[in-house]
Amino acid sequence: HADEESHSFTWTYRKDFSTSSGEDRARLELLEVSGTAHADEECHSCSLLSSPGSQRCLSCSRNQYAELDDAGVIRCSKCPAGTWAPAASVGRDSCRTRRQCNAQDVQVLYLAANASMRSSSICRNNHTNIRVRWRKPKTCKSEIGAKELAGIRGGALTPQACPPCQPNQWRPKGGACVNRPAARCSPPLYAVPMSVIKYWHSWPKNVTSWIWGRSVSEDHPHAWQLMADGRAAVVGSAYLGEEVDEFSDQALLTLDVDLTTSSDLIFGLEEEPLGAWGQGGALYVDHQPREAEMVTESGTTSVWKLKLNPGWHWITWVWRYKGPQPEEQAADTGVVVGQGSGLRLLNISVTHVRGAPAGTCRRCPPNHGWRQNGATQCQPCAVATEEIQGLCKPCAAGFANPRKASRCVKCGPGTSSDRGRACKMNPNLGGDGQLRWDSQRFLRTWRNQTRNAGGFTRIVVEDRTYYMNLVQPMELPGASLEFRGHQAFVWEALPPRMSDVSTCPTEASFVRPVVDMLEAIKPNEGRPSGLWFNFRGRCFANGGDLSERRLHLLLSCHPEADPQDFSLLSAMEPPDMMTGCQDLALEWRTRLACPVCQEGDWEAVTPTRCDPVRGQRVTYIAPSGCFGGAKPPKDYWEPCPGVLNLVAFVVVGAFVGCILCCLSIYVLLLRRRYAKYMMLEDSQSAANAVAPASIGVPDSPGNFA
């Protein structure tokens, strides 16, 4: 049941990988939708066949045509002898003359003894039974049987040798083909897993031939077919007959592969005439046209090569009976494929296919090696390892590698690593006369704050949403499918993509990694104090190309800031990369960025006003905004500036006055104590003195006698 509005219904069928037998298709036979705006309200004329009261038009079978009899009734009539007609033909002119049969009109089937025609088993005890039949619909005539035309000898029940296995496979039990044991290789060599298709006696594993387009017959003679001698798979009117051009517009041959690492696809073609591949052929990978590189060419035979990325791929060889499509840039859209053209697909080889047999010993690709001694497969070196002489070995101390299949690089300033570990913050940052940060305190605080969020903190900067973990790279739950298993410090959530014809999102938010490697941690040169975290990552651009992307995060010291106080400093897109892979610079104002206090960080500060009586109180602060670590010195009081000289003068004057006063009193006491001694000396001096009268009287002459 569908509600009243516009709806779009899609039926999807995808080939599985369990077997290559059976029809490998789905049929949608009847579709009725009632109550639509386009429902027919009156009867319409059928161009084919119908009966009174029919709900749908009918068609005639193969080798018949629809015509009006004398009574005006539409009837199905048989084509004359020596002619044929496809199903749903109208008119006697639809009957065509049968051409002479050739070997390609014969279908050869290999079946194990007592096996049914639909069985996938073709060999038992190294023997098989060969059955031959005409391809349907049979549009040719022949005076000899199909078996003689194909050159098959022996009866249908006569056991014959089984067809050969594909290269590097064998039949150890005489039944199904299995992979041969891998060759023993020594590092740095390894046995390359390689899927090779050289023989086309039956459809190889994971190969499907199918039709895309209008098909009026349940038989598909115009699809890719196996050659009777098993040399190739063929398509086109040059090999299948000119009449197949009327059936459909394109035939497809698909190979499904799962690649463990980057791989090479090599295939050989034979075209008829020369240039048919460029006119009517195309190569698709994962439903997108790809242009392969021609390796060699000899006449109408050529060899082509194409690079493939790791993962599942659907490789499809397309033959268009009505010419190339506009999206196939390798083809000329003005060319119409004529009759008598076609392709032979001779062989296919794909390296590094999961589950494929091992081929010859080759040197491991760059940054690939053996995970351990005695291994038999060359694999991409894991995270925190690198390839050394063919072996994947852990990165040395002080080096790290956050990505697979890459080299170890030296940890940058402010970071270090143990052997085989990622780069992390040093226990102490700065120092030697500069600011110093305690990373252990930083890590403890971060873990406590993000414990309930899986180690991540959500950051919203303008129209961008990020998930950040500064402690270690981690996988983010809910990441897009292509990034599952990837580890990163910062993830980015892009908004849902919008369709071109509506305002409804066509898919959910796209979550991708931003940076996965910590390059360096450096102190900020200037104010405010803080740390620069420099990260590096990879950005997946259009077409799957990779480009470097960087994130510069400034943790600035703001003790009172909001924990979610983030701001975008700049967003710069690399040149010629219009992909949204900008290099970002963010600022996070947080207390975590404040350095640890050291003794030399404290500076004395005095108030601007001073109490004349008590003086002023001297305190200590840290201009760097540090917290923790060395404690500040104790506060103390000191006199106010300008009052200090007067107080000193008064104090010194009072002290000097007291000393002088004490000296005066001491002298007076001494004089009083020794006064009597001073008087006796005065009397004796008077007795020995000259009389006053003689003083100033000239001496008489008698005195000189």
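The numbers attached to residues start from 1 for each chain and follow its sequence in the written order. Residue-level local features of this predicted model are given only where pLDDT is at least 70; pairs of side-chain atoms are given and counted only at 80 or more, and the full residue set underlies all totals for whole chains, interfaces and linings. Hydrogens and water are ignored here; the side-chain numbers use all heavy atoms of the structure.

Asks: Sorry if this is basic, but what is going on with the sheet that holds strand S8 (residues 127-134) here?
Replies: Picture the strands of a sheet paired through backbone hydrogen bonds; they go either parallel or antiparallel. Note on pairing: two strands pair once DSSP finds at least 2 bridges between them. By definition, any uninterrupted DSSP run of H or I lasting at least four residues is a helix, any uninterrupted run of E lasting at least two residues is a strand, and each is numbered from the N terminus. Read across the sheet, 3 strands follow the order S7-S8-S10 without closing on themselves; strand pairing throughout is antiparallel. Looking at which strands have only one partner, the edges of the open sheet turn out to be strand S7 (106-111) and strand S10 (160-161). Where S7 meets S8, 6 bridges bridge the pair, whose relative direction is antiparallel. Within S8, the residue paired with Leu111 across the bridge is Asn129.

Asks: Looking at this model, I keep getting lost on the pattern of salt bridges. Mind explaining?
Replies: Each reported salt bridge corresponds to a side-chain nitrogen of Lys or Arg within 4 Å of a carboxyl oxygen of Asp or Glu. What the rule picks out here adds up to 15 salt bridges. For the salt bridge of Glu386 with Arg407, the shortest nitrogen-to-oxygen distance reads 3.5 Å. Here Glu386 is found in strand S28 (residues 385-388), whereas its partner Arg407 is found in the loop between strand S30 (399-400) and strand S31 (409-410), with 21 residues between them in sequence. With its nearest N and O atoms 3.5 Å apart, the salt bridge here joins Arg589 to Glu587. Overlapping salt bridges bring together Glu519, Arg536, Glu548 and Arg550 as one network.

Asks: For this particular structure, what's the right way to read the pairing of strand S24 (residues 342-351)?
Replies: Every other side chain in a regular strand lies on the same face of the sheet, so the side chains alternate between the two faces. For S24, the tally of buried residues reaches 9 of 10 residues, placing the bulk of the element in the interior. Sheet analysis places strand S13 (residues 189-197) next to S24, joined by 4 bridges and oriented antiparallel. By the bridge assignment, Met194 is partnered in S24 with Thr351. Bridging between strand S16 (residues 233-236) and S24 involves 4 bridges; their strand directions are antiparallel. Each bridged residue has a counterpart across the sheet, and for Gly236 the counterpart in S24 is Gly342. Summarising the sheet, strand S18 (residues 263-272) and S24 pair through 8 bridges and their orientation is antiparallel. Bridge pairing in S24 places Glu271 opposite Leu343. Burial classes: relative accessible area under 20% of the type maximum marks a residue as buried, over 50% as exposed, and values in between as partly exposed (1.4 Å probe, protein chains only).

Asks: I keep staring at the environment of Pro559 and nothing clicks. Help me out?
Replies: Within the secondary structure layout, Pro559 lies in the loop between strand S42 (546-557) and strand S43 (566-572). On the accessibility criterion, Pro559 (41% relative accessible area) is partly exposed. Between the alpha carbons of Pro559 and Arg589 there is a distance of 8.4 Å; along the sequence they are 30 residues apart. Every residue pair with non-hydrogen atoms within 4.5 Å of one another is taken to be in contact. Beyond its immediate stretch of four places on either side in the chain, Pro559 contacts Arg591, Cys594 and Gly625.

Asks: Hey, could you run me through the packing of aromatic side chains in this one?
Replies: Remark: the centre distance and the inter-plane angle together describe each pair of aromatic rings, the angle taken between the planes. Under the pairing criterion, centres of Phe, Tyr and Trp rings, with the six-membered ring standing for Trp, must be within 6.5 Å; the plane angle then separates stacked pairs below 30 degrees from edge-to-face pairs above 60, leaving the rest tilted. As enumerated under the stated definition, the model contains 7 aromatic pairs in all. Between Phe267 and Trp277 the ring centres are 6.2 Å apart and the planes differ by 65°, which places this aromatic pair in the edge-to-face class. Taken together, the residues Phe267 in strand S18 and Trp277 in helix H3 (residues 276-280) connect sequence positions 10 residues apart. Each member of the pair, Phe267 as well as Trp277, is classed as buried. Grouped by ring-pair contacts, the aromatic residues Phe267, Trp277, Trp304 and Trp317 constitute a single cluster.

Asks: Would you explain the environment of Trp84 in this entry?
Replies: Mapped onto the elements of the fold, Trp84 is located in strand S3 (residues 83-84). Note on Trp84: relative accessible area 1%, which makes it buried. For the pair Trp84 and Arg96, spaced 12 residues apart in sequence, the C-alpha to C-alpha distance is 5.3 Å.

Asks: Looking at this model, I keep getting lost on the side chain of His313. Mind explaining?
Replies: For His313, the location among the structural elements is in strand S23 (residues 311-320). The buried category is assigned to His313, whose relative accessible area is 9%. Pairs of N or O atoms are called polar contacts if they sit within 3.5 Å, as long as, within protein, a hydrogen donor faces a hydrogen acceptor (for residues adjacent in sequence, only side-chain-to-side-chain pairs). Engagement of the side chain of His313 in a polar contact is seen with the backbone oxygen of Asn309, the distance being 2.5 Å. Beyond its immediate stretch of four places on either side in the chain, His313 contacts Leu255, Asp256, Val257, Leu259, Val285 and Asp286.

Asks: Got a minute to help me understand the state of the cysteines in this structure?
Replies: What is meant by a disulfide is a covalent connection between two cysteines, made through their sulfur atoms. Disulfide assignment relies on a single distance test, namely cysteine sulfur atoms paired within 2.5 Å. Scanning the model with the defined rule gives 9 disulfides in all. Residue Cys101 pairs covalently with Cys140 via a disulfide, S to S 1.9 Å. Torsion about the S-S bond of the Cys101 and Cys140 cystine: about 95°, corresponding to right-handed handedness. You can see Cys101 sitting in the loop between strand S6 (99-100) and S7 and its partner Cys140 sitting in strand S9 (residues 140-141), a full 39 residues away along the chain. Cys411 shares a disulfide with Cys423; S-S distance 2.0 Å. The disulfide joining Cys411 to Cys423 has a torsion of about -90° about its S-S bond and is therefore left-handed. Note that Cys411 is positioned in the loop between S31 and strand S32 (415-416) and Cys423 in the loop between S32 and strand S33 (424-425), a separation of 12 residues in sequence. Here Cys658 is not disulfide-linked; the sulfur of Cys662 is the nearest cysteine sulfur, at 6.5 Å.

Asks: Can you walk me through the side chain of Arg135 in this structure?
Replies: Along the chain, the position of Arg135 falls in the loop between S8 and S9. Asp105 provides the closest opposite charge to the buried, salt-bridge-free Arg135, at an N-O distance of 6.2 Å. Polar side-chain contacts of Arg135 include one of 2.6 Å to the backbone oxygen of Leu226. Other than its neighbours up to four places away in sequence, Arg135 contacts Gln104, Asp105, Val106, Gln107, Gln225 and Leu226. Within this scheme the basic residues Lys and Arg register as positive and the acidic residues Asp and Glu register as negative, but His and the chain ends are omitted.

Asks: Teacher, can you tell me more about the nonpolar core here?
Replies: Across soluble globular proteins, nonpolar side chains show a tendency to be buried alongside one another. Grouped together as the largest cluster of nonpolar side chains are 41 residues, with contacts concentrated most on Trp224, Leu265, Phe267, Leu283, Trp317, Leu345 and Ile348. Sequence-distant contacts of Trp317, that is, excluding residues within four places in its chain, are made with Trp224, Ala251, Leu252, Leu253, Leu255, Leu265, Phe267, Trp277, Ala282, Leu283, Leu345 and Ile348. Counting 29 residues, the second-largest nonpolar core is a separate cluster that includes Trp437, Tyr466, Trp588 and Leu592. Nine residue types can take part in a nonpolar core, namely buried Ala, Val, Leu, Ile, Met, Phe, Trp, Tyr and Cys, and a core is a set of them joined through side-chain atoms within 4.5 Å.

Asks: For this particular structure, what's the right way to read the sheet that holds strand S1 (residues 64-68)?
Replies: Spatially, the 3 strands line up as an open sheet ordered S2-S1-S4, and their pairing is mixed. Across the chains shown, the open sheet's two edge strands, defined by having one partner strand only, are strand S2 (74-78) and strand S4 (89-90). When S1 meets S2, the two strands line up antiparallel, connected through 5 bridges. Bridge pairing links Tyr65 to Ser77 in S2.

Asks: What exactly am I supposed to notice about unusual backbone geometry here?
Replies: Leave glycine aside and you will find that most residues have negative phi; peptide bonds, for their part, are mostly trans. Cis geometry is found at the peptide bond from Glu272 to Pro273, where omega equals -5°. Phi at Asn168 is positive, roughly 70°, even though this residue is not glycine. By relative accessible area, which is 27% here, Asn168 ends up partly exposed.

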